[in-house]
Structures are given as C-alpha cells and as structure tokens.
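These are the residues of each chain, in order.
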Amino acid sequence: LLQRELRLPYRVISHSENKGLAGARNTGLNAANTEYVINVDSDDIPLNDFVRNIVRRLDAEPRCAAAVPYLKAFDEEADFNKQVFGGYVYRPLGDGVIASQLDNNLGHANSGYRTGVVRELGGWDESEKSMWEDWALFLKLVSSGYRIGIIPQVDCLYRVRKQSMLRTYKVWPAMRRLARNMGGLPRYESFRLQAVMRHAREEEIVMRGEIARLNAELNRR
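Residues numbered from 1 in each chain as written. Predicted model: local features only at pLDDT ≥ 70, side-chain atom pairs only at ≥ 80, totals over all residues. Heavy atoms only, no water.

Novice: How should helix H8 (residues 187-220) be read in this particular structure?
Specialist: For an α-helix the count is 3.6 residues per turn, leaving residues at separations of three or four pointing the same way. Look at H8: 50 Å from first C-alpha to last across 34 residues, which is about the 50 Å you get at 1.5 Å a residue. Every buried residue of H8 is accounted for by Ser190, Leu193, Gln194 and Met197. (Helix = DSSP H or I, 4+ residues; strand = E, 2+ residues; numbered from the N terminus. Expected span 1.5 Å × (residues − 1). Buried < 20%, exposed > 50% of the residue type's maximum accessible area, 1.4 Å probe, protein only.)

See the structure below:
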C-alpha cells in the first residue's frame, strides 16, 4: 500500500518485540536526520495543514521546543468523513507546570518537536509501558525551561475508543511517569507536589458541594 500510494520518501522500522509507545517514538527520534520530528498516533487523523502549521510554528519561534495544534474528538464507530462533529475540542495551553500535575494542559501526542532538544532530554520515557508518555515529555520540556508553541486551529482528529489506553490503563503507573519527568525537582518532591495538588482538588470538590448545599438551603427559605 505504501509503495503504491505514498508519494513521499519513507522508511518502515519494525521492532522484534513490543517496546511500547514511548519506545516506538524513540526509535523514530533516533532514526531522524531532520531538524524537526512529528508524531502521529496510528488511530488518529492529521488534517491537510497539520505538518505545514507545525513547521511554520517552530520556524517562527526558535524558543519553542514543540508545536501542538488543537484537536477534535470523534467516536470510533463513526465515519469521520461524514459525521457532524459533536465531540469536544482539546485546546492545550502549552504551559502550567503546577496545573499539569493533575490535568494535561500542555499538549497531546499528535505534535511536532525539535529533534535536538528532545534527544538532549533523553526522549520519551520508555522505562515502563504506562500511559501519558506524551504528557510526561511535555512536562519535562516546560519544567526544563523550554516553551511549547500552540497552534490555535484544529489540525487533527482524535479517535475516541472505549478500550483505549486512556480508558483502560491504571493511573498510578502513569502518575509515577509524570513524577520521573519533572525537571528541577528531586523525585520525592515531585510526588509531594502531586499529592498537594490532589489534596487541593479534593478540598475544592468538598467546598463546591458545601456551597451547593447552602444555596439549596437558601432557596428553600
């Protein structure tokens, strides 16, 4: 299929064993001889301007180590060419080390990177096959002082699958991965930062519930 349809130079690299998503990304990173490297998840769909806008964003701002477009979600059962999109649009901020301990405000898998910077930082963390390998890399970038450039346009479609890693893998190993990839903090302090953020969220939920209870009581009076 590639030989028949693809009009660009390509190279297929296969692993003899499953190294996980981070390992696959690092194989591509190590094989690249270009200034930029772009990742596309196998079940997602880049749109026409995807590569062009990533290259333009990185060309325009040398301080950016990565470029991330908005993405729009669609259900796996639907034909993405025909459906009317009702799914959510993910609009990353590309910043926020503290907030991104619990919520990924930084970026998603379908993004572009400066090859040299990602190599310098050791690439994607492939020490285990947990989820959030891209979130961890973005966290490593921003906590190491690099910037993430956001492209305010939907340039790729995200396939929502019921059995995807995001919906079936355990959270704790992924949280460990985030802690391992926090630059500037010892491992213990990274875990403590996560704990503080979790506690703050739990307190916020309790407070919101109490406010709702008080409002309901006032309305009854």
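Novice: What is the right way to look at a nonpolar patch on the surface in this model?
Specialist: There is a patch of nonpolar side chains on the surface, built from Leu2, Leu6, Leu8, Tyr10 and Val12 and spanning about 470 Å² of accessible area. Looking at where Leu2 falls in the secondary structure, it is placed in helix H1 (residues 2-5). Classification of Leu2 by relative accessible area gives partly exposed; the value is 41%. (Patch = residues over 30% accessible without salt bridge, like charges linked within 9 Å, V, L, I, M, F, W, Y side chains within 5 Å. Areas by Shrake-Rupley, 256 points an atom, 1.4 Å probe, with all protein chains shown as cover. Salt bridge = Lys/Arg side-chain N within 4 Å of Asp/Glu carboxyl O.)

Novice: Help me understand the packing of aromatic side chains, please; the structure alone is not making it clear to me.
Specialist: How two aromatic rings sit relative to each other is given by the distance of their centres and the angle of their planes. For the coordinates displayed, the defined rule picks out four aromatic pairs. Geometrically, the ring pair formed by Trp132 and Trp135 is tilted, given 4.4 Å between the ring centres and 45° between the ring planes. Residue class for Trp135 comes out buried when judged on its relative accessible area of 6%. Here the aromatic rings of Trp172 and Phe191 are separated by 5.8 Å at their centres, their planes lie at 40°, and the arrangement is tilted. In this pair, Trp172 sits in helix H7 (residues 171-180) while Phe191 sits in helix H8, placing the two residues 19 residues apart along the sequence. For Trp172, a relative accessible area of 46% corresponds to the partly exposed category. Three or more aromatic residues joined by ring pairs make a cluster, and in this case those are Tyr113, Trp124 and Phe138. (Phe/Tyr/Trp six-rings, centres within 6.5 Å; stacked < 30°, edge-to-face > 60°.)

Novice: Honestly, the pattern of salt bridges in this entry has me stumped. Any pointers?
Specialist: For side chains bearing opposite charge, pairing can occur when the charged atoms are close. On inspection of all chains with the given rule, the structure shows 18 salt bridges. Salt-bridge contacts for Asp125 lead to Arg180; the nearest nitrogen and oxygen are separated by 2.8 Å. Of this pair, Asp125 sits in the loop between helix H4 (115-120) and helix H5 (133-143) while Arg180 sits in helix H7, and the two are 55 residues apart along the sequence. Residue classification places Asp125 among the buried residues on the basis of a relative accessible area of 14%.

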